[in-house]
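Examining the three-dimensional arrangement
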Amino acid sequence: MMEQRAYDLFMQNLVKGTSHLALGQEAVAAGFGEAMRSDDYTFCTYRGHNHTLVRGASMTGILGELMGRECGLLNGKGGSMHLMSVEHGAMGSYAIIGAHMPIAAGAAWSAQYRESGQVAVCFFGDGTTNIGAFHESLNFAAVWSLPVVYVCENNLYMEYTPIGDVTAVKNPGADRASAYGLEPILIDGNDVDLVYATAQAAIAKARDGGGPSLLEVQTYRHGGHSRADPGKYRPDEEVKAWLARDPIPAYRKQLLAAGVSDSTLDTIDQEVSDRVDAAEATARSSSPPPLDIADTDLWADGTSTWRT
Amino acid sequence: MAQMNMIDAIRSAHDVVMAKDPNVVVLGEDVGYFGGVFRCTDGLQRKYGEHRVLDAPIAEGGIIAAAIGMGVNGLRPVAEIQFADYIYPGFDQVASELARLRYRTCGDYFSPVTIRTPCGGGIRGGQTHSQSPEGIFTHVSGITTVMPSNPYDAKGLLISAIESDDPVVFFEPKRIYNGPFDGDPNKPAVPWTTHPKGEVPEDYFTVPLGIADIVKPGSELTIITYGTLVHVAQAAARLTGVDAEIIDVRTLAPLDVSTLADSVCKTGRCLIAHEATRFSGFGAELAATVQENCFYSLEAPIERVAGWDTPYPHAFEWQYFPGQKRIAAGIRKVMEAQ
């Protein structure tokens, strides 16, 4: 709902620049968010609005950041592709493919060294599996037995190209696992209960000293790669089939079947909608950040100039 | 005081800081069991354990990134990149992540990583074991870039670097690891025991980042340099008989502008010398800075003596290297200009 609103704000030209929505992929972030401990680390990509939100970062902060307002998580210095909320363990969304994967390994190493029991969960796309950092990270994680869970969200396209056209194996994540002595794990990423159970198991294993996991979760982005992309390179039947598997209505059906009442679900929907409205209103009324913050926080003394 | 070469001094800096702060960890290729190809981390793994001195796989991007991640929560990682020539796979991590984490997050998030790496030529290393890429790093806002020229500074600056909350890229001119080198490869090697800066306290001390050192005061000309060429420039100045003020920049970024500017405004003449390629090299920034601050005191155009604008050619190492003759010729040119 928040991402749909982000899209609407784009259309009103209130969000400048690009943005990468994960409409259709919500079950992945939701399942993991529920399975994580509050002090665990999340590292995600530029398609990371949901991953940041599920850790508890404020919706106002997220929408405000997209809109370049003072109330944004990073006072507008980051933008859509760089959401971060350190206090919530959301250690950043990274816009350079694969860059965050070895950083997550380092964060996991830090947790291991400090014996803090924290686990790092690192999300990335199918396209990332072809860059060197992916392989370096998995090797690090395996060699040092790090408490890290690598989650490949395979949405079938690396930007605009079908992943199968540019990848030597069928399953870009799972088929690489054995190269690092890891179990191949491939699941339906639109089944939120399955994601949750798989996340719980992998996180528990990491926390108990059992080392890293590499999970491939299959999902689909309903829109194009970014704001500028209508996604027309995808076959209509494929899009139609995946829209029919939209995880949000699917889960509603599942909950109804399990005996949750329509009115309970409607109330939840209404509450979320109200929260999005409130977040949007606050973000809209927030001022643009003052220009003088552009000169701050480059160096440790808080300035952008030399210190002596 | 102890006699140390630069390798001893760098090892000692690690040792002192690791003993003081359990959050300091070391990682890199061959740094643990083997002790580093230049021996700069020798003995640290035996003393502090495999969990604090890690042998990393050959993956420079991964090493720097892992260090960034380690630094997210209070650790102070020191990453060794075995040769500066190997640092390019990690450059993305330095430029896109390490340098800008603090800025991007309004100060919420930073990683106090120190990256140590041996640089420079004069050891017959050929094209990919001789480079001086410091100017590529000074071009990235948010990275402290350091290059010491002697054991005393190496230890004091490295301790400051590790303790700094800013990321530091620490270049070690490997030609002078074992002794000061005046640029004449035909002379027998001289050990650091012959040099006053080879005397180094065994205990904790710091040399502040961001402060240049006036190595030799003088009145006729200012030579601004760093690394190996600090020693070559002194020899070249002696060759010409010119009373040169020689400044060792030590911290390239952020730059100690006032020390440089005060000197050039006093002498009115300036020569800049570095081993790195001349075009778009750090010398260009130095020349622009001097010009901006000292234009009305300058009596001659600023001269730059640098490596050629080519890769380091193996067979012509000593022609590429800005030795005494080339620096002396530069000094004469600046002195003769009207």
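Computed from a predicted model, the values in this text were never measured in an experiment. (Residues numbered from 1 in each chain as written. Chains lettered and ligands numbered in written order. Predicted model: local features only at pLDDT ≥ 70, side-chain atom pairs only at ≥ 80, totals over all residues. Heavy atoms only, no water.)

To continue, consider the domain arrangement of chain B. Residue and element names in this part refer to chain B. According to the domain assignment, chain B consists of domain 1 (2-182 + 194-198) and domain 2 (210-336). A straight line from the C-alpha centre of domain 1 to that of domain 2 covers 25 Å. Listed per partner, the contact involves 29 residues of domain 1 and 25 residues of domain 2. Buried surface at the junction of domain 1 and domain 2, both sides included, amounts to about 2,300 Å², of which 54% is carbon and sulfur. Along the contact surface separating domain 1 from domain 2 lie three salt bridges. As a salt-bridge pair, arginine 124 and glutamate 317 come within 3.6 Å of each other at their nearest N and O atoms. Taken together, the links from domain 1 to domain 2 amount to 13 residue pairs in polar contact (both at pLDDT 80 or more). Counting residues per element, the ones that place at least two in the side of domain 1 that touches domain 2 are α6 (134-138), β6 (144-146) and α7 (151-163). Within the side of domain 1 that touches domain 2, the residues separate by chemical class into ten nonpolar, 13 polar and six charged. (Domains from an automatic or database assignment. Contact = heavy atoms within 4.5 Å. Buried area = accessible area lost by both parts, 1.4 Å probe. Salt bridge = Lys/Arg side-chain N within 4 Å of Asp/Glu carboxyl O. Polar contact = N/O pair within 3.5 Å; in protein donor to acceptor, adjacent residues only side chain to side chain. Helix = DSSP H or I, 4+ residues; strand = E, 2+ residues; numbered from the N terminus. Nonpolar A, V, L, I, M, F, W, Y, C, P; charged D, E, K, R; others polar.)

Let us look at the interface of chain A and chain B. By a widespread convention, an interface's size corresponds to the accessible area lost as its parts come together. Contacts between the two partners involve 35 residues from chain A, matched on the other side by 47 residues from chain B. Counting each side, the surface lost to burial between chain A and chain B is near 3,500 Å², with a carbon and sulfur contribution of 68%. Seen at the junction of chain A and chain B, the total is zero salt bridges. The tally of links from chain A across to chain B stands at eleven residue pairs in polar contact (both at pLDDT 80 or more). Secondary structure elements with two or more residues in the side of chain A that touches chain B: β1 (41-45), β2 (90-94), α5 (100-114) and α6 (132-143) of chain A.

Looking now at the packing of helix α1 (residues 2-11) of chain A against helix α10 (residues 262-285) of chain A. Residues and elements named next belong to chain A. It is at 10 Å that the axes of α1 and α10 come closest, and there the two elements cross at 40°. Put simply, α1 runs oblique to α10. Between α1 and α10 lies a crossing whose hand is right-handed. Between α1 and α10, the contacting residues are Met2, Arg5 and Leu9 on the first element and Val276, Asp277, Glu280 and Arg284 on the second. Per-class residue counts for the contact of α1 with α10 are three nonpolar, no polar and four charged. (Axes fitted to C-alpha atoms, helices over the stretch in contact; angles between N-to-C directions. Parallel < 35°, antiparallel > 145°, perpendicular 65-115°, else oblique. Left-handed = near helix turned anticlockwise from the far one by under 90°.)

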